[in-house]
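# Geometric and topological summary
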Amino acid sequence: MIHPRTLRVDYGKPTSVLCVVGSELTVNLNRSAPPSTKFFSVKCSPSVQYRVSPLPKETSHLSPIPLNGNSVLLISMNRASEHEKDSKLSVWYYGENKKVLGQALLHLTAVEISLDVDADRDGIVEKNNLNKGSWKWGPNGHGAVLLVNCDSERTYWKKPDTEHNEVYRVSDLKDMSPMVLRTKGPAKLPEGYKLAMHISQTDAESVRVFMSRSSGVPNNSLPSRFFNYFVKDYSLVLNSEVLSQEVPYLGGEAETQFYVEGLRFLDKDFNGLVSINLSLLEPISEGLPETPIFTDKVVFRVTPWIMTPNTLQPVEVFVCSTKDNYQFLKGMRNLVAKSGYKLKICHEYVNRGDRWMQDELEFGYIDSPHHQFPVVLDSPRDGKLQDFPYNELLGPDFGYVTRVAHRRDVSSLDSFGNLEVSPPVTVNGKNYPLGRIIIGVAFPTATKGRNMTKVVQDFLWAQKVQEPIALFSDWLLVGHVDEFLTFVPAPDRKGFRLLLASPDAGYKLFRGLQNDGHGQAKLFEGLKDEEPVTVDDILKNDSLQSENNYVQSCIDWNRDVLKRELGLDDEDIIDLPILFKLEWDNDVFRAVAYYPDMVNMIVLGKNLGIPKPFGPKVNGRCALEAEMCSLMEGLGLSCMFIDDFASYHKLLGEVHCGSNVRREPFHFKWWNLEM
């Protein structure tokens, strides 16, 4: 890329010029010529190239060139100088009779300057990539990636590294993006010239820049890697209070290492793009500001926060221990042990009786070509588990992000049982290799509807790479999408199935039992403090049937949205036999599960942890469990039923609500998306 620069020259006295290799100096010959000039000629050192525009008519190479009103001399140098003023160019001006009227003499010094980043996203900071100053999505795209430094190198008195205005530990550098200033030229710049790095006031809210003092220092008795053990060796160059600062020119052929730190995630007011500039400044006169004669620019895009669907490999499972959930914990321990993953239990002195691990947080991650780490999104729900994400998860290579909402705006829909993500899908030819986020909101015409708070929705939509889908969930008393849907892996079709709660499937199952002579089989049999209910009782309850017809219509609305937005066919969806009942809530009827909601499960590879439904027994086996196993085993999935009736179901939640899973990230790199 050619960097043009207009140059003023004066005849009658020499001019010292600093030229950047790759730039082109433009001299308006008519403007700089003595009066009555008709011709000119140019002589230069071998290291200097020039051309004249417009091209003169054929003349002898020894003959002066006619000067016209728009004659321009274009000067460039193709290599760096070894010494100051080691090249020359002179312009001779002639009158009508080709009498010499004056001479403009340029003493030229050339330097190479390149501010470099990993613009081709291969983990290596290449030299002077032509695309380093812009961003393009896709596998053939370009532009550097910037991590948000939202983990904490501290483990005591910790806070996110973005809140430290210094490099706290050298290990913190891997959470930043490398940037290299490469220079080549004489031992020092001519008197008064300097290099300055600068950012805009807007970008300064999103980025900081640190410099390694040791990198590239010539003739040092110790290798630069030795100095990387010392935190003091990394100085702050740019932040919100320092928008421009001089950076060293080291002389000879040298590299100065910089580290760029992302400070905030994409959001409604931030599209993720930041620019960093390096300018070569020229002195004009003492007491006057320097002026830029060359600027190089690099562009970064901040990494989005990415959610992980049920089809990705689990890493660790999180649950709470409370005084009344022994049976639930026993089942979870067995499931996790069978699946071969880690189980992390949040004890009561931390959870303070709050068992809803799913609702408090959502696991995701951030990724760049050189580093990735998990990041927990803390919900604005802020129950008694509110300190768990920050106090227990935030740490080295484990990031934290939250969005703060006004308490009056926060509803049950802001709990993260209401935040899910689909597996990868293709919809009408558009590929979503990272899946699509799913949230629940109020129906558009609702006058008393609850919605996920705007600050969280704005954050989710701003991430772009998992374009959200809004479903209607306010018909539920708790209001979470995980009460009527989940995804499980499958060996065929799209690689997964969407499971939907279905009252119709429930009634079909119960009518089949009745037709087979099992109308007196009982639900809830053997449960303490629960009145058993027969299949016949359920089927003759017209009010319950009407309530479930309403629920089915709500789920069918969402089914149609999901089919359209995820590109699904009916063969990609499995209906689970689950009934609901309506309860009066703030002047509105809203639904809760009639028996443990089997769709609200935990997915650990091929093993499913499903709420034990306590359905009617036929030949000694729960008919609901048998139906669930039949549906899932065809996909190669194993069902384990966990008793959560007293400790979760009665409190309007189930297995999924009471657990959370951190999963491996996608192999697909988000910057390769076609946007």
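Residues numbered from 1 in each chain as written. Predicted model: local features only at pLDDT ≥ 70, side-chain atom pairs only at ≥ 80, totals over all residues. Heavy atoms only, no water.

### Looking at the sheet that holds strand 7 (residues 72-77)
Condition: Strand pairing is defined by DSSP finding a minimum of two bridges between the two strands. Strands are runs of DSSP state E lasting at least 2 residues, helices are runs of H or I lasting at least 4, and numbering of each runs from the N terminus. Fitting a line to C-alpha atoms yields each axis, with helices limited to the stretch in contact; the angle taken between N-to-C directions then spans 0 to 180 degrees.
In spatial order, the strands read 1-3-7-5; together these 4 strands make up an open sheet with mixed pairing. One side of each edge strand has no neighbouring strand; the edge strands of this open sheet are strand 1 (3-6) and strand 5 (48-53). Shown here is a sheet whose adjacent strand axes are inclined to one another by a mean of 25°, direction ignored. Relative to strand 7, strand 5 runs antiparallel, the two sharing 6 bridges. Bridge pairing links V52 to L73 in strand 7.

### Some thoughts on empty space enclosed by the protein
Keep this limit in mind: Lining residues are defined by having an atom within 4 Å of a point belonging to a cavity or pocket. Those points lie on a 1 Å grid over the protein atoms alone, cavities being sets where a 1.4 Å probe fits but cannot get out and pockets being open sets with protein on both sides within 12 Å along at least five of seven lines. Grid points are joined across faces, edges and corners, and a volume is the space filled by probe spheres set on the points. Classification used: nonpolar for Ala, Val, Leu, Ile, Met, Phe, Trp, Tyr, Cys and Pro, charged for Asp, Glu, Lys and Arg, polar for all others including Gly.
A full pass over the atoms with the stated rule returns 4 cavities of 30 Å³ or more. Around the largest cavity, the lining comprises 21 residues; the ones closest to its centre are T308, N310, E420, H656 and R663. Listed by contribution, the elements that provide at least two residues to the lining of the largest cavity are strand 22 (361-367), strand 25 (419-421), strand 30 (485-489), strand 37 (602-604) and strand 42 (659-663). At 4 residues, strand 42 tops the list of elements feeding residues into the lining of the largest cavity. Here the residues of the lining of the largest cavity sort into 11 nonpolar, 7 polar and 3 charged. In this structure, the second largest cavity spans a volume of roughly 80 Å³. Considering the residues around the second largest cavity, the lining is formed by D118, G123, A144, V145, S177, P178, F300, P369 and H370. Secondary-structure elements contributing two or more residues to the lining of the second largest cavity are strand 10 (144-146) and strand 11 (177-185).

### Quick notes on the confidence of the model for the protein chain
Test applied: Every residue is assigned a pLDDT by the predictor, reflecting its confidence on a scale from 0 to 100. Pairs of residues are marked as contacts when any of their non-hydrogen atoms sit within 4.5 Å.
Summary statistics for the protein chain give a mean pLDDT of 93 and a share of 96% for residues scoring 70 or more. Counting contacts from residues 216-229, a segment whose pLDDT is below 50, to residues more than four positions away or on other chains yields 16 contacts.

### Remarks on the pattern of salt bridges
Spelled out, the test is: Here, a salt bridge means any Lys or Arg side-chain nitrogen found within 4 Å of an Asp or Glu carboxyl oxygen. Think of it in three bands: with a 1.4 Å probe and only protein chains considered, a residue is buried below 20% of the maximum accessible area for its type, exposed above 50%, and partly exposed in between.
Under the definition given, this model contains 37 salt bridges. Across the pair K430 and E467 runs a salt bridge, and its minimum N-O distance is 3.5 Å. With K430 in strand 27 (residues 430-432) and E467 in the loop between helix 7 (454-462) and strand 29 (469-472), this pair connects stretches of sequence that are 37 residues apart. In this structure K430 comes out as partly exposed when scored by relative accessible area, which is 41%. On the basis of relative accessible area, E467 is assigned to the partly exposed category, the value being 31%. With a closest N to O distance of 2.8 Å, D458 and K454 form a salt bridge. Here D458 and its partner K454 are both found in helix 7, 4 residues apart, which amounts to about one turn of the helix. Residue K454 is classed as partly exposed on the basis of its relative accessible area, which comes to 48%. Beyond isolated ion pairs, a larger network of salt bridges with shared partners links D116, K132, R182, E255 and D296.

### Here's the deal with the pairing of strand 17 (residues 273-282)
Of all the 10 residues making up strand 17, 9 are buried; the element is thus mostly covered by neighbouring parts of the structure. Pairing analysis gives 5 bridges linking strand 12 (residues 194-198) to strand 17, with the strands arranged antiparallel. Along strand 17, the bridge assignment pairs K194 with L281. Examined bridge by bridge, strand 17 and strand 18 (residues 291-302) share 10 bridges and lie antiparallel to one another. Bridge pairing in strand 18 links L281 to P292.

### With respect to the nonpolar core
Which entries qualify depends on this criterion: Grouping buried Ala, Val, Leu, Ile, Met, Phe, Trp, Tyr and Cys residues that are joined through side-chain atoms within 4.5 Å yields what is termed a nonpolar core.
Judged by nonpolar contacts, the single largest core of 69 residues is most densely connected at F484, L485, F510, M628 and M632. Counting residues per element, this core draws most heavily on helix 10 (residues 542-566), at 7 residues. Beyond its immediate sequence surroundings of up to four residues, M628 is in contact with L499, L576, M598, M601, I610, C639 and F641. V111, Y249, L266 and F416 belong to the second-largest nonpolar core, a separate cluster that totals 59 residues.

### A word on the domain arrangement of the protein chain
The line we're drawing: Where each domain begins and ends follows an automated or database-derived domain assignment. Joining two parts hides part of their accessible area as seen by a 1.4 Å probe, and the buried area is that hidden amount summed over both. Each polar contact in these results corresponds to two N or O atoms within 3.5 Å; when the atoms are within protein, one needs to be able to donate a hydrogen and the other to accept it, and residues that are neighboring in sequence are counted only if both atoms are side-chain atoms.
Its domain assignment divides the protein chain into domain 1 (5-111), domain 2 (118-302) and domain 3 (306-672). With centres defined by C-alpha atoms, the gap from domain 2 to domain 3 works out at 44 Å. The interface is formed by 30 residues belonging to domain 2 together with 29 residues belonging to domain 3. In total, domain 2 and domain 3 occlude about 2500 Å² of area from one another, counting both sides; carbon and sulfur atoms represent 64% of this. Taken as a group, L147, K158 and F265 account for 23% of the area that domain 2 buries against domain 3, more than any other trio of residues on that side. With its nearest N and O atoms 3.8 Å apart, the salt bridge here joins D397 to K174. Between the two partners, domain 2 and domain 3, sit 12 residue pairs in polar contact (both at pLDDT 80 or more). Taken together, the elements giving at least two residues each to the side of domain 2 that touches domain 3 come down to strand 11 and strand 18.

### Focus on the packing of helix 8 (residues 503-515) against helix 10
As a reminder of what qualifies: Roughly parallel covers angles under 35 degrees, roughly antiparallel covers those over 145, roughly perpendicular covers 65 to 115, and oblique covers all other angles.
At a minimum axis distance of 8 Å, the contact between helix 8 and helix 10 shows a crossing angle of 135°. The angle between helix 8 and helix 10 falls in the class oblique. Where helix 8 approaches helix 10, its residues P503, D504, Y507 and R511 are matched on the opposing element by L544, Q545, N548, V551, Q552 and I555. Each residue belonging to the contact of helix 8 with helix 10 can be placed in one class, and the counts come to 5 nonpolar, 3 polar and 2 charged.

### Considerations on unusual backbone geometry
The peptide bond linking S53 to P54 adopts the cis configuration, its omega dihedral lying at -5°. Relative to the assigned elements, P54 resides in the loop between strand 5 and strand 6 (65-66). You will see that S36, though not glycine, has its phi angle at about 70°, which is positive. Inspection of the secondary structure puts S36 in the loop between helix 1 (29-32) and strand 4 (39-44). Take S36: its relative accessible area is 59%, and that puts it in the exposed class. A positive phi angle, close to 55°, is found at D397, a residue other than glycine. Residue D397 is classed as partly exposed on the basis of its relative accessible area of 25%.

### Some words on the sheet that holds strand 21 (residues 342-346)
A sheet is described by the order of its strands in space; here 3 strands give the open sequence 21-20-42, paired in mixed fashion. Since the sheet does not close on itself, it has two edges, and those belong to strand 21 and strand 42, each with one partner. Averaged over neighbouring strand pairs, the angle between their axes works out to 25° when direction is ignored. As judged from the 5 bridges shared by strand 20 (residues 314-320) and strand 21, these two strands associate in the parallel manner.

### Description of the environment of D570
With respect to the element layout, D570 can be found in the loop between helix 10 and strand 34 (573-577). Look at D570 and you get partly exposed, because its relative accessible area is 42%. Through-space distance from the C-alpha of D570 to that of C657 is 27 Å; in sequence the pair is 87 residues apart. If near-sequence neighbours (up to four positions away) are discounted, D570 is found in contact with R559 and K563. Among the polar contacts listed, one links the side chain of D570 to the side chain of R559, at a separation of 3.3 Å.

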